[in-house]
Amino acid sequence: QLGGWSRNFLHEAMTDQVAALPGDGAEDISECVRQLSTGDDATAARAARYLFQKAHAADKHNKENKEKMGRRGAVNALCSILRSGSVEARYQACSALSELAYQNENICMAIINAPGCLESIRILLQEQDGNNHEDAALVINNCAAFSQHTPIHIVQYPGMLEAIRSIANGRHVGARNAAISALNCISRSIEAAQVLLHARIVEEVLTPILSEKGRGEKYEARVARAVLAIANIMGAKGGYEICAPVLAKYPNHLEMTVNILGHSLDGLKWAGILFALYSVIIPMSHLSAIKENQGKLVELGMIDKLARVLREWQPGHLSDSVMERALLIILSINDHPEFQHRIRLSGLIAGLQQIKLGLRNEPPKCRALAEQLLSSLLQCHVAFCMGQHPRLGADSPLLLLDDFLSSLVIDMAFQ
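Residues numbered from 1 in each chain as written. Predicted model: local features only at pLDDT ≥ 70, side-chain atom pairs only at ≥ 80, totals over all residues. Heavy atoms only, no water.

Visitor: Help me understand helix α7 (residues 87-101) in this model?
Guide: Given 3.6 residues per turn, any residue in an α-helix points the same way as the ones three and four places further on. Between its first and last C-alpha atoms α7 spans 21 Å; for 15 residues at 1.5 Å apiece the expected length is 21 Å, and the two agree. By the criterion of burial, α7 is predominantly enclosed, with 14 of the 15 residues buried. Looking at where α7 begins, the residue whose side-chain oxygen comes 3.4 Å from the main-chain nitrogen of Glu88 is Ser86. Two residues or fewer after α7 comes Gln103, characterised by a positive phi angle close to 55°. (Helix = DSSP H or I, 4+ residues; strand = E, 2+ residues; numbered from the N terminus. Expected span 1.5 Å × (residues − 1). Buried < 20%, exposed > 50% of the residue type's maximum accessible area, 1.4 Å probe, protein only. Polar contact = N/O pair within 3.5 Å; in protein donor to acceptor, adjacent residues only side chain to side chain.)

Right, here's the structure in full:
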């Protein structure tokens, strides 16, 4: 996130001062929040840096620390530092806010609702020197990534979308990538995607990225985020007509999406990014709704990966939505008999049976979808059942099998 060697140097020079603060108690957090309001930029930067450290995933108490910060007014205090005259203080405040928003929906909403915060971020995004463009874009990115309710507030705030658009089309690689990432996160909200569609973000920002030439992780990450964002916006009303032709000109978009899903399942980074499951499942649900895409997606292994999503599912951030979308994708694929054999080979039925039992606290809607799928899939072996019938299967060799062997055949057939 740091913009240059001078800021790195200042950042390192502050480390000893941060370490000089007391231990891990709530009093330390309260003291840091107080220091944010002293009016001294160096003190505020040091306090913000400390809050960033306590909110970071590397701190084993980060979740509890975030709750303490929320209760002690850290969000409003950090937002006030965004108007500081110090580049370093603004940077540290942005970093702390980004980390506070990470996987914490309540704080995401608190940042969006903090008096003057969105205006301060908009100003940072539009500042001429660009010192805090990337830092401010990352705050927007995390607020949109970890709350379903913030994206529409972000895009509807006067001047915000234009500011993000300007940076996404700019020359600074770090700030540009952060802005494009923010657009991708925002596009996961169907309401916000509608705004992006009308603002011509697809035509004027995302489409040009797909025709860029380049290499390396940052380039690949930029293209991946553009592809996923276009797929998200395709779900908006009128989005298909704009987005489908764009993606059709980029033939690798389906393979890329399936590959990213596989990396996400394995806990691996793709182009240097650890994509969350929901960030891939949402665009995949729109891509798989296009009949012409379904055969290719099945061929690329989408069903096998969705079966893993269901088998390995655990309650968490947006996990209910992930399961529901995965089930709906499979349900749409299952309508075509030519894909049903691949569905059975994927081991999906065992996963569906697990969901139906609800032992992992699966949501009722997902349990109902799993039962619907099971009913459809288990009706397909009618020929086997007829072979066991005393009259209809009288000439079938299957009738010669004893109960034990018949049960083995049934188990294998339905897995």
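Visitor: What is the right way to look at the environment of Met69 in this model?
Guide: In this fold, Met69 is placed in helix α5 (residues 62-71). Exposure remark for Met69: the relative accessible area of 1% places this residue in the buried category. Met69 sits 36 residues away from Val33 along the chain, and the two C-alpha atoms are 8.1 Å apart. Ignoring any residue separated from it by four or fewer positions in sequence, one finds Met69 in contact with Ile29, Leu51, Lys54, Ala55, Ala74 and Leu100. (Contact = heavy atoms within 4.5 Å.)

Visitor: Even after reading the chapter, I still don't get the packing of aromatic side chains, so can you show me in this structure?
Guide: For any pair of aromatic rings, geometry is given as the distance between the ring centres together with the angle between the planes. Using the criterion set out here, one finds 1 aromatic pair in the structure. Between the aromatic rings of Tyr102 and Phe146, the centroid separation amounts to 4.9 Å while the plane-to-plane angle is 75°, which identifies the pairing as edge-to-face. On the criterion of sequence distance, the pair formed by Tyr102 in the loop between α7 and α8 (105-113) and Phe146 in the loop between α10 (133-145) and α11 (150-156) is long-range, its members being 44 residues apart. Looking at Tyr102, the relative accessible area reads 32%, which means it is partly exposed. (Phe/Tyr/Trp six-rings, centres within 6.5 Å; stacked < 30°, edge-to-face > 60°.)

Visitor: I'm lost on the side chain of Thr150 in this one. Help?
Guide: Looking at the element boundaries, Thr150 is found in helix α11. Its relative accessible area of 0% is what places Thr150 among the buried residues. At 2.5 Å, the side chain of Thr150 and the backbone oxygen of Cys143 are in polar contact. Separated by 3.5 Å, the side chain of Thr150 and the backbone oxygen of Ser147 make a polar contact. Apart from the residues lying within four places of it in its own chain, the contact partners of Thr150 are Cys108, Met109, Ile112, Cys143 and Ala144.

Visitor: What is the right way to read the pattern of salt bridges from this model?
Guide: Between side chains of opposite charge, a pair can form when the charged atoms approach closely. Scanning the model with the defined rule gives 16 salt bridges in all. Note that Glu212 is salt-bridged to Arg222, the shortest N-O span being 3.3 Å. With Glu212 in the loop between α15 (201-210) and α16 (217-233) and Arg222 in helix α16, the pair connects residues that are 10 residues apart, well separated along the chain. In this structure, Glu212 and Arg222 share a single accessibility class: buried. (Salt bridge = Lys/Arg side-chain N within 4 Å of Asp/Glu carboxyl O.)

Visitor: How should the packing of helix α19 (residues 277-287) against helix α21 (residues 302-311) be read in this particular structure?
Guide: Helix packing geometry: the angle between the two helix axes and the distance between the axes. Contact pair α19 / α21: the axes reach a minimum separation of 13 Å and the direction vectors enclose 135°. By the angle class used here, α19 and α21 are oblique. α21 is crossed by α19, and the crossing has left-handed handedness. Residue-level contacts link Leu277, Ile281 and Met284 of α19 to Met302, Leu306 and Val309 of α21. Class assignment of the residues belonging to the contact of α19 with α21 gives a composition of 6 nonpolar, no polar and no charged. (Axes fitted to C-alpha atoms, helices over the stretch in contact; angles between N-to-C directions. Parallel < 35°, antiparallel > 145°, perpendicular 65-115°, else oblique. Left-handed = near helix turned anticlockwise from the far one by under 90°. Nonpolar A, V, L, I, M, F, W, Y, C, P; charged D, E, K, R; others polar.)

Visitor: Would you mind showing me how to read unusual backbone geometry here?
Guide: The phi torsion of most residues other than glycine is negative, and most of the peptide bonds are trans. For Arg200, which is not glycine, the phi dihedral falls at a positive 60°. Turning to its location among the elements, Arg200 is positioned in the loop between α14 (190-198) and α15. By relative accessible area, which is 41% here, Arg200 ends up partly exposed.

Visitor: Honestly, the confidence of the model for the protein chain in this entry has me stumped. Any pointers?
Guide: Note that predicted coordinates carrying low pLDDT should not be read in detail. Of all residues in the protein chain, 87% attain a pLDDT of 70 or more, and the chain-wide mean is 88. Of the regions scoring below 50 in pLDDT, residues 1-24 engages in 39 contacts with residues more than four places distant in sequence or in other chains. (pLDDT = per-residue confidence, 0-100.)

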